[in-house]
Amino acid sequence: MNTFLKRVLILLSLIALGLFLYSFFVESIFSPRLSPKDTVEFKLNDLKLEVFYNRPSKKERVIFGALVPFNEVWRTGANEATTFETNKNLEIQGDFLPAGKYTLWTVPKDSTWSVIFNSKQYPWGVDNEMKPLWDPNYDVLNIEVPVEKINTVVEQFTIAFDNSTDNLFLTMAWDDTKISVPLK
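Treat the numbers as computed from the prediction; the structure is a model and nothing was measured.

A. Just the pairing of strand E2 (residues 47-54), in detail. Both strand E1 (residues 37-44) and E2 contribute to a ladder of 8 bridges, which runs antiparallel. Bridge pairing in E2 places Thr39 opposite Phe52. Where E1 folds back onto E2 in an antiparallel hairpin, the turn is made up of 2 residues, including Asn45, whose phi is positive at roughly 55°. Direction of pairing for E2 relative to strand E3 (residues 83-86): antiparallel, over a ladder of 4 bridges.

Dropping the structure here:
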């Protein structure tokens, strides 16, 4: 083998080793995410709903009013912005939500939460200063829902669809708090 080819192979090997070490120690691509991704779906007849979000854990922390401050916009999960997608027009508390894909933002308060459907797609949930990337100019729907205190502690933030009473709800629960958004 000529010396040029040997040098190229050594250089490529060093680059590959450098990328591996960077991804292992800096990006941690081999370790599980602290807030794993999840997708929940609901299908009924020709209606299809989907929520993509990241699930942070409580880890013995005080959540609402501390980790997630009251009266401030929250990305509704961790990491990437939470998305809500519907293939049909919906009615939510008497207001109209057109079919489409939205980012889902919330403003937790002591007794109610604001739930915001925003038409802009954001690459991440917060900026470098941990402020939400939410732009209110793209809000399509903003509703208030009551907070339910639950008897059990939900360790990992959970979004689900509840159709158990023939009324469809988008639910969000974490710690001892749950909200339900009525969907028609």
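Resuming the write-up.
B. Structural context of the environment of Leu17. For Leu17, the location among the structural elements is in helix H1 (residues 3-27). You can call Leu17 partly exposed: its relative accessible area is 46%. Considering only alpha carbons, one finds Leu17 and Gly100, 83 residues apart in sequence, at a separation of 44 Å.

C. Summary view of the sheet that holds strand E6 (residues 100-108). In spatial order, the strands read E1-E2-E3-E6-E7-E8-E9; together these 7 strands make up an open sheet with antiparallel pairing. The two strands at the open ends of the sheet, each matched to only one other strand, are E1 and strand E9 (168-183). On average, each strand axis in the sheet is tilted by 30° relative to the strand beside it, whichever way the strands run.

The rules we used
- Residues numbered from 1 in each chain as written.
- Predicted model: local features only at pLDDT ≥ 70, side-chain atom pairs only at ≥ 80, totals over all residues.
- Heavy atoms only, no water.
- Pairing = 2+ DSSP bridges.
- Helix = DSSP H or I, 4+ residues; strand = E, 2+ residues; numbered from the N terminus.
- Buried < 20%, exposed > 50% of the residue type's maximum accessible area, 1.4 Å probe, protein only.
- Axes fitted to C-alpha atoms, helices over the stretch in contact; angles between N-to-C directions.

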